[in-house]
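Architecture at a glance
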Amino acid sequence: MSVSNPLANASVRWRVRGLALLIGILVAGSAIEAQAGKRKDREQKLEEQGLDNPRNIELPRRHRFRLALQIDYIRLSSACGSNGQCTRFHYAPLTLDFAYQLQFFKYVMFRPALGIGGNVANSRNAMAGVFKPSAALGYQGRILGAAFVYAYALVFPPNANATNNRGGQIQPLIWNNHIVAAELSATSRIHDTAVMFGLRVGGQKALLVHGDINGVRWYPHLSITLGWFFDGTKRRRRKQQAAGN
């Protein structure tokens, strides 16, 4: 009677499993390569017809212009009346933001911008409008972006301790506003238009004038941006279609 060798049987089993795994890898690789070849053929046909595959996300173009709606928010001081009722004031400028974005070294972007708008919070009688130049420097990939942002907010006309003319409390004025923030953004292309959503979190240094208060303070700063990039995609599309006709 022959006695089987457990070690030899185990070695045979591992060889069989290894061979099966190798065959599986080769089959999967062949299938992936075949799919890649089909996809490449489809993309080539789309290019010949002057079309792009919408699933292909390219790096941003070197020069882009951006139009955006942006709202900032900081929480200001409060004021109390003789009747003991207090009002907490807020500052929330809603601006139309014009920007130019330069892409260089493949993933690095620089974006100077200029925003102008008005305060939509309950401190608008003291500071109705705002003029805000800014600059952002950071990373911009195919979809996600991250940047350091500096902005200066000039409020106009400055009207310290103004009221709403309806018996409200005196309103605060913040002056000489310096903003530093970190920005995270996501950009997606919809019908040849690049749409971006951005969120900024940082600090705002300002001179606060409110009643007996007159001093420099730091405030937590929050900003939300919805923007549209214009990089000539639609114009190039029309030229390709015209050339194809």
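A short tour of the structure in this document, coming up. (Residues numbered from 1 in each chain as written. Predicted model: local features only at pLDDT ≥ 70, side-chain atom pairs only at ≥ 80, totals over all residues. Heavy atoms only, no water.)

1. Topic: the overall build of the protein chain
Scanning the protein chain from terminus to terminus reveals 2 helices and 9 strands. Walking the protein chain from its N terminus toward its C terminus, one meets helices and strands in the order α-β-β-β-β-β-β-β-β-β-α. Here the protein chain holds 245 residues, and the buried ones make up 31% of them. Relative to all contacts within the protein chain whose residues are 6 or more apart in sequence, the contacts with residues 24 or more apart total 62%. Total accessible area on the protein chain stands at roughly 15300 Å², and carbon and sulfur atoms take up 62% of it. (Helix = DSSP H or I, 4+ residues; strand = E, 2+ residues; numbered from the N terminus. Buried < 20%, exposed > 50% of the residue type's maximum accessible area, 1.4 Å probe, protein only. Contact = heavy atoms within 4.5 Å. Areas by Shrake-Rupley, 256 points an atom, 1.4 Å probe, with all protein chains shown as cover.)

2. So, the state of the cysteines
In this structure the tally under the stated criterion is 1 disulfide. One disulfide in the model links cysteine 80 with cysteine 86; its S-S distance is 1.8 Å. On the sign convention where negative is left-handed, the bridge of cysteine 80 and cysteine 86, at about 100 degrees about the S-S bond, is right-handed. Residue cysteine 80 is classed as partly exposed on the basis of its relative accessible area of 48%. Residue classification places cysteine 86 among the partly exposed positions, given a relative accessible area of 47%. (Disulfide = S-S within 2.5 Å.)

3. Side note on the packing of aromatic side chains
For the structure shown, the criterion picks out 3 aromatic pairs. On the basis of an interplanar angle of 50 degrees and a centroid distance of 5.5 Å, the ring pair of phenylalanine 65 and tyrosine 100 is categorised as tilted. Taken as a pair, phenylalanine 65 in strand S1 (residues 63-80) and tyrosine 100 in strand S3 (residues 93-104) lie far apart in primary sequence, 35 residues in all. The exposed category is assigned to phenylalanine 65, whose relative accessible area is 51%. When the ring centre of phenylalanine 229 is taken as origin, the NZ or CZ atom of arginine 64, which lies over that ring, is 3.7 Å away. (Phe/Tyr/Trp six-rings, centres within 6.5 Å; stacked < 30°, edge-to-face > 60°. Lys NZ or Arg CZ within 6 Å of the ring centre and 35° of its normal.)

4. Some thoughts on the pairing of strand S8 (residues 193-210)
Summarising the sheet, S8 and strand S9 (residues 213-230) pair through 17 bridges and their orientation is antiparallel. Across the sheet, residue phenylalanine 197 finds its bridge partner in S9, namely leucine 226. Between S8 and S9, which pair antiparallel one after the other, the connecting turn spans 2 residues, and glycine 211 there sits at a positive phi close to 65 degrees. (Pairing = 2+ DSSP bridges.)

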